[in-house]
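For reference, the chains in residue letters:
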Amino acid sequence: MTISPELNRERAAIADALTDGLIIADMSCRVNFVNSAFSRMTGYRSNEMSGRLLQELSGVLLEQEVARWFNDRIDRVKDGQTPEMEPLLLVAKDGRKIPATCNVAFVKDAAGKPEETIIVFKDISGYRHVEQELRNANILLSKAMTDLKRTQKQVIQ
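Notes on the structure follow. All values derive from a computational prediction rather than experimental measurement.

Criteria and cut-off values
Residues numbered from 1 in each chain as written. Predicted model: local features only at pLDDT ≥ 70, side-chain atom pairs only at ≥ 80, totals over all residues. Heavy atoms only, no water. Core = buried A, V, L, I, M, F, W, Y, C linked by side-chain atoms within 4.5 Å. Buried < 20%, exposed > 50% of the residue type's maximum accessible area, 1.4 Å probe, protein only. Helix = DSSP H or I, 4+ residues; strand = E, 2+ residues; numbered from the N terminus. Contact = heavy atoms within 4.5 Å. Phe/Tyr/Trp six-rings, centres within 6.5 Å; stacked < 30°, edge-to-face > 60°. Pairing = 2+ DSSP bridges. Axes fitted to C-alpha atoms, helices over the stretch in contact; angles between N-to-C directions. 1 Å grid on protein atoms, 1.4 Å probe; cavity = no way out; pocket = protein on both sides within 12 Å on 5 of 7 lines; lining within 4 Å. Points joined across faces, edges and corners; volume = space filled by probe spheres on them. Nonpolar A, V, L, I, M, F, W, Y, C, P; charged D, E, K, R; others polar. Salt bridge = Lys/Arg side-chain N within 4 Å of Asp/Glu carboxyl O.

What to know about the nonpolar core
In step 1: Leu54, Leu90, Ile119 and Phe121 are the most contacted members of the largest nonpolar core, which has 29 residues in total.
In step 2: Elements represented by at least two residues in this core include exactly strand 1 (21-26), strand 2 (31-34), helix 2 (36-42), helix 4 (54-61), helix 5 (64-78), strand 3 (86-91), strand 4 (97-108) and strand 5 (114-123).
In step 3: Beyond its immediate stretch of four places on either side in the chain, Leu54 contacts Ile23, Ala25, Cys29, Val31, Phe70, Asn71, Ile74 and Ile119.
In step 4: By size, the runner-up hydrophobic cluster in this structure holds five residues, among which are Ala15, Leu22, Ile24 and Phe33.

Quick look at the packing of aromatic side chains
In step 1: Inspection of every chain in the model, using the stated rule, returns one aromatic pair.
In step 2: Between Phe38 and Phe121, the ring centres sit 6.0 Å apart and the planes meet at 40 degrees, which makes this aromatic pair tilted. A residue pair is termed long-range when its members are at least 10 positions apart, and Phe38 in helix 2 and Phe121 in strand 5 qualify at 83 residues.
In step 3: The exposure class assigned to Phe38 is buried, which follows from its relative accessible area of 0%.

Some words on the environment of Trp69
In step 1: Within the fold, Trp69 resides in helix 5.
In step 2: Along the primary structure Trp69 and Ser58 are separated by eleven residues, whereas in three dimensions their C-alpha atoms are 9.5 Å apart.
In step 3: Contact partners of Trp69, with chain neighbours within four places excluded, come to Glu86 and Leu88.

Remarks on the sheet that holds strand 1
In step 1: Spatial ordering of the open sheet is given by 2-1-5-4-3, a layout of five strands whose pairing is antiparallel. Edge positions in the open sheet fall to strand 2 and strand 3, since each of these has one partner strand only. Pairwise comparison of adjacent strand axes, ignoring direction, gives a mean angle of 30 degrees for this sheet.
In step 2: With six bridges joining them, strand 1 and strand 5 adopt antiparallel strand pairing. Residue pairing across strands places Leu22 opposite Val120, the latter belonging to strand 5.
In step 3: Relative to strand 3, helix 4 is tilted by about 75 degrees, and along the sheet it contacts strand 1, strand 2, strand 3 and strand 5.

What about empty space enclosed by the protein?
In step 1: Evaluation of the coordinates by the stated rule reveals two cavities of 30 Å³ or more.
In step 2: In this structure, the largest cavity spans a volume of roughly 50 Å³.
In step 3: In terms of lining residues, the largest cavity is bounded by Ile23, Leu54, Leu57, Ser58, Leu61, Leu62, Phe70 and Phe121.
In step 4: Looking at the lining of the largest cavity, the element that brings in the most residues is helix 4, giving four residues.
In step 5: Its residues assigned to classes, the lining of the largest cavity shows seven nonpolar, one polar and no charged.

A word on the pattern of salt bridges
In step 1: A full pass over the atoms with the stated rule returns eight salt bridges.
In step 2: Across the pair Lys122 and Asp20 runs a salt bridge, and its minimum N-O distance is 3.6 Å. On the criterion of sequence distance, the pair formed by Lys122 in strand 5 and Asp20 in the loop between helix 1 (5-17) and strand 1 is long-range, its members being 102 residues apart.
In step 3: For Lys122, a relative accessible area of 30% gives the class partly exposed.
In step 4: Across the salt bridge formed by Glu48 and Lys93, the nearest N and O atoms sit 2.7 Å from each other. Taken together, the positions of Glu48 in helix 3 (residues 46-49) and Lys93 in the loop between strand 3 and strand 4 put the pair 45 residues apart, joining distant regions of the chain.
In step 5: Sharing partners across several salt bridges, the network here consists of Arg45, Glu48 and Lys93.

This is how it looks when you write it as structure tokens:
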């Protein structure tokens, strides 16, 4: 698929406006583009990613056992299948582990044949923080309920 330079600039501007990390790869799973959100999230710049195979990057961006799972999903992508969205841990350039979800979609030609693979990583670390705060609040509520029941028994006696 040949894309005009104007369309490429438009696509890049739209992709860079996203808050989720985005990788666009051809159907041989060679990276053509990563957006600025992906670079901010992981510390890897576009020029470090472009031209590399997703299978190669999975060993850099993911822990070993997740990389095997991801590569299995990439094999499905090559066949034009859309794998389900899954949570995983991304490994940033500085070694930080980033809880994220991974979603895969395709850009298709007029006949419906996949031409490009789009992989979106959503940083869910903020959700994890809220989840932990809710757990802590539940523990405090449970303790308060226990104390209340104890006080109630004492008042009744």
